Amino acid sequence: MAFVTVVVIPPFYDWFCKVTGYGGTTSVAATAPDHVLDRVITVRFDASLEAGMPWEFRPVAPEMDIRVGETGLAFYEAYNPTDKPVAGQASYNVSPDMLGGYFTKIACFCFELQVLQPGERVEMPVSFFIDPAMADDPNTARVEAITLSYTFHTAPLPQSQATLDADDPATPAAAAN
């Protein structure tokens, strides 16, 4: 008897968190605010992988100081050490949780599925700001640092990639044909 393990990637959970702000989920905006405050916050960057995800994944810099309202640009590096294409989707959150609604992304690698080819190494950007409205919240008055965390989860290869992989005679999928 064969058993099949089904792994559910967290899209529903991500959707729930984005809609409710639960668990430090960030906001999204098309542009940065038009004013920058003097208050400086340290943003720390964290990276992890779901069990079984074969990539290597890390922030390029561990942290940066940014003024509230200023646009920041950070990079994460991912590497696929395997001999086949691997797709991944990043989930994310911010801690402390109460700052999730104030941490706003303009653009992020996490908005799209990422596919890395065998041996491919990429730097992936995230553009963000901390909403100046945070200054009006008494609960955030003592916050000096925010941690932005990403976890990469394995995802099914897009059909176009799966077809290419199946056509490669070096892959098990092609050998079975």
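Residues numbered from 1 in each chain as written. Predicted model: local features only at pLDDT ≥ 70, side-chain atom pairs only at ≥ 80, totals over all residues. Heavy atoms only, no water.

Points about the side chain of His153
Its place among the elements puts His153 in strand β10 (residues 145-155). One polar contact links His153 to Ser91, side chain to side chain, over a distance of 2.8 Å. (Helix = DSSP H or I, 4+ residues; strand = E, 2+ residues; numbered from the N terminus. Polar contact = N/O pair within 3.5 Å; in protein donor to acceptor, adjacent residues only side chain to side chain.)

What about the confidence of the model for the chain?
Confidence along the chain averages 81 in pLDDT terms, with 72% of residues attaining 70 or more. Counted against residues more than four places away or in other chains, residues 1-9, with its pLDDT under 50, gives 5 contacts. Taken as a whole, residues 169-177 scores under 50 in pLDDT and shows 8 contacts with residues more than four places along the chain or in a different chain. (pLDDT = per-residue confidence, 0-100. Contact = heavy atoms within 4.5 Å.)

Regarding the pairing of strand β9 (residues 121-130)
With respect to burial, β9 is a largely interior element, 7 of its 10 residues being buried. By the bridge criterion, 5 bridges tie strand β7 (residues 103-108) to β9 in an arrangement that is antiparallel. In the strand pairing of β9, Lys105 is matched with Phe128. (Buried < 20%, exposed > 50% of the residue type's maximum accessible area, 1.4 Å probe, protein only. Pairing = 2+ DSSP bridges.)

Some points on the pattern of salt bridges
This structure, assessed with the given rule, holds 4 salt bridges. With a closest N to O distance of 3.3 Å, Arg58 and Glu77 form a salt bridge. Separated by 19 residues along the polypeptide, Arg58 in strand β3 (residues 56-59) and Glu77 in strand β5 (residues 72-79) bring together distant segments of the chain. Classification of Arg58 by relative accessible area gives partly exposed; the value is 38%. What makes Glu77 buried here is its relative accessible area of 13%. Between Glu70 and Arg67 there is a salt bridge whose closest N-O contact spans 4.0 Å. Taking relative accessible area as the criterion, Glu70 reaches 29% and is therefore assigned partly exposed. The partly exposed category is assigned to Arg67, whose relative accessible area is 36%. Each of Arg58, Glu77 and Arg121 takes part in salt bridges that share partners, so that together they form one network. (Salt bridge = Lys/Arg side-chain N within 4 Å of Asp/Glu carboxyl O.)

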